[in-house]
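Results of the structural survey
The lines below spell out each chain.
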Amino acid sequence: NAGVMQNPRHLVRRRGQEARLRCSPMKGHSHVYWYRQLPEEGLKFMVYLQKENIIDESGMPKERFSAEFPKEGPSILRIQQVVRGDSAAYFCASKAGGNTEAFFGQGTRLTVV
Amino acid sequence: QQQVKQSPQSLIVQKGGIPIINCAYENTAFDYFPWYQQFPGKGPALLIAIRPDVSEKKEGRFTISFNKSAKQFSLHIMDSQPGDSATYFCAATLSSNDYKLSFGAGTTVTVRA
């Protein structure tokens, strides 16, 4: 039973390019959360999705960021027109429904040059 | 604003010592307080968690102490081992929306052999 899989592990983008981060939840998990970790800081909640629905995006910047979790395939966090301040580690976590533990992936480290 | 404040930023102990990490929170509505352990290049993993109706919880060599009136909680690692060297994050949330964790900034613990 593979854990939460994120890819790529490392991503380098030039300013103005788009970044696509993928998260495949654990088998049987239909809830996905994205967090961002800036250097020397804790993780900050971005968005919570269930299959085909965004439940809570209160932590997501209003511009350039979007997330989806389609019926088939991984959850995607998309950052358009990246800027240097987007450089961070992006973690996703997944869980089954109800009062169950969420498991984190290994993260994608985005560097904007 | 940072809802959970964590200290110290880093600490070094000898094998067998007891590193202590402290956290303080602002939101009195928080009712679930987990601790996460993160090794370099990995995602955070749930270590131990406590609810405010309990003043202390032990799991193996890890102990959480909770002071509801002071809005503070701490993690003690008993008989610490080099394999405990990692970054530890405290967090807090409402159990009703437990995905929306508010993380502390993290403490890097180094246990010297």
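Up top you'll find the structure we're talking about.
Focus on the overall build of chain A
Scanning chain A from terminus to terminus reveals 0 helices and 11 strands. Sequence-ordered secondary structure for chain A, helices as α and strands as β, is β-β-β-β-β-β-β-β-β-β-β. Taking 113 residues into account, the globule formula puts the C-alpha radius of gyration at 13 Å, and chain A, at 13 Å, falls close to it. Each principal axis of the C-alpha atoms in chain A carries an extent, and together these give about 40 × 25 × 25 Å. Scored against the burial criterion, the 113 residues of chain A give a buried share of 42%. For chain A, contacts bridging at least 24 residues in sequence account for 52% of all contacts bridging at least 6. Element-wise, carbon and sulfur atoms account for 47% of the exposed surface of chain A, whose accessible area totals about 5,800 Å². Placing the 17 positive and 11 negative side-chain charges of chain A at their respective mean positions leaves the two points 6 Å apart.

Concerning the state of the cysteines
Residues and elements named next belong to chain A. Per the stated rule, a full pass over the model turns up 2 disulfides over all chains. A sulfur-sulfur distance of 1.9 Å marks the disulfide that ties C23 to C92. The sign of the S-S torsion, about 75°, decides the handedness of the disulfide formed by C23 and C92: right-handed. With a gap of 69 residues between them, C23 in strand β3 (residues 19–24) and C92 in strand β9 (residues 88–95) connect regions that are remote in the sequence. In this structure C23 comes out as buried when scored by relative accessible area, which is 0%. Given the relative accessible area of 0%, C92 is considered buried.

Topic: the pattern of salt bridges
Throughout the structure, instances matching the rule amount to 7 salt bridges over all chains. With a closest N to O distance of 3.7 Å, K57 of chain B and E59 of chain B form a salt bridge. If you follow the salt bridges from partner to partner, you end up with E18, R20 and R78 of chain A in one network.

Describing the pairing of strand β5 (residues 43–50) of chain A
Residues and elements named next belong to chain A. The buried count for β5 comes to 6 of 8 residues, which makes it a mostly enclosed element. Note that strand β4 (residues 31–37) and β5 share 7 bridges and pair antiparallel. Residue pairing in the sheet places Q37 in a bridge with L43 of β5. Between β4 and β5, which pair antiparallel in sequence order, lie 5 residues; one of them, E40, sits at a positive phi of approximately 65°. The pairing of β5 with strand β6 (residues 53–56) spans 3 bridges and is antiparallel. Of the residues in β6, the one forming a bridge with L49 is I54.

Considerations on the interface of chain B and chain A
Tallying the contact residues gives 17 residues for chain B and 20 residues for chain A. Buried area between chain B and chain A, summed over both chains or domains, comes out near 1,500 Å², and the portion from carbon and sulfur atoms is 50%. At the junction of chain B and chain A, the tally comes to 1 salt bridge. Linking chain B with chain A are 6 residue pairs in polar contact (both at pLDDT 80 or more), by the criterion used here.

A closer look at the sheet that holds strand β1 (residues 5–7) of chain A
All names here are of chain A. In spatial order, the strands read β1-β3-β8-β7; together these 4 strands make up an open sheet with antiparallel pairing. Each edge of the sheet is formed by a strand with only one pairing partner; in this case those strands are β1 and β7 (65–68). Averaged over all pairs of adjacent strands, the angle between their axes in this sheet comes to 15°, without regard to strand direction. Sheet topology note: the β7/strand β8 (residues 75–79) ladder contains 4 bridges and is antiparallel. Looking at the pairing, S66 lines up with R78 of β8.

What counts and how
- Residues numbered from 1 in each chain as written.
- Chains lettered and ligands numbered in written order.
- Predicted model: local features only at pLDDT ≥ 70, side-chain atom pairs only at ≥ 80, totals over all residues.
- Heavy atoms only, no water.
- Helix = DSSP H or I, 4+ residues; strand = E, 2+ residues; numbered from the N terminus.
- Rg over C-alpha atoms; globule rule 2.2 N^0.38 Å.
- Buried < 20%, exposed > 50% of the residue type's maximum accessible area, 1.4 Å probe, protein only.
- Contact = heavy atoms within 4.5 Å.
- Areas by Shrake-Rupley, 256 points an atom, 1.4 Å probe, with all protein chains shown as cover.
- Lys, Arg positive; Asp, Glu negative; His and termini not counted.
- Charge placed at Lys NZ, Arg CZ, Asp CG, Glu CD.
- Disulfide = S-S within 2.5 Å.
- Salt bridge = Lys/Arg side-chain N within 4 Å of Asp/Glu carboxyl O.
- Pairing = 2+ DSSP bridges.
- Buried area = accessible area lost by both parts, 1.4 Å probe.
- Polar contact = N/O pair within 3.5 Å; in protein donor to acceptor, adjacent residues only side chain to side chain.
- Axes fitted to C-alpha atoms, helices over the stretch in contact; angles between N-to-C directions.

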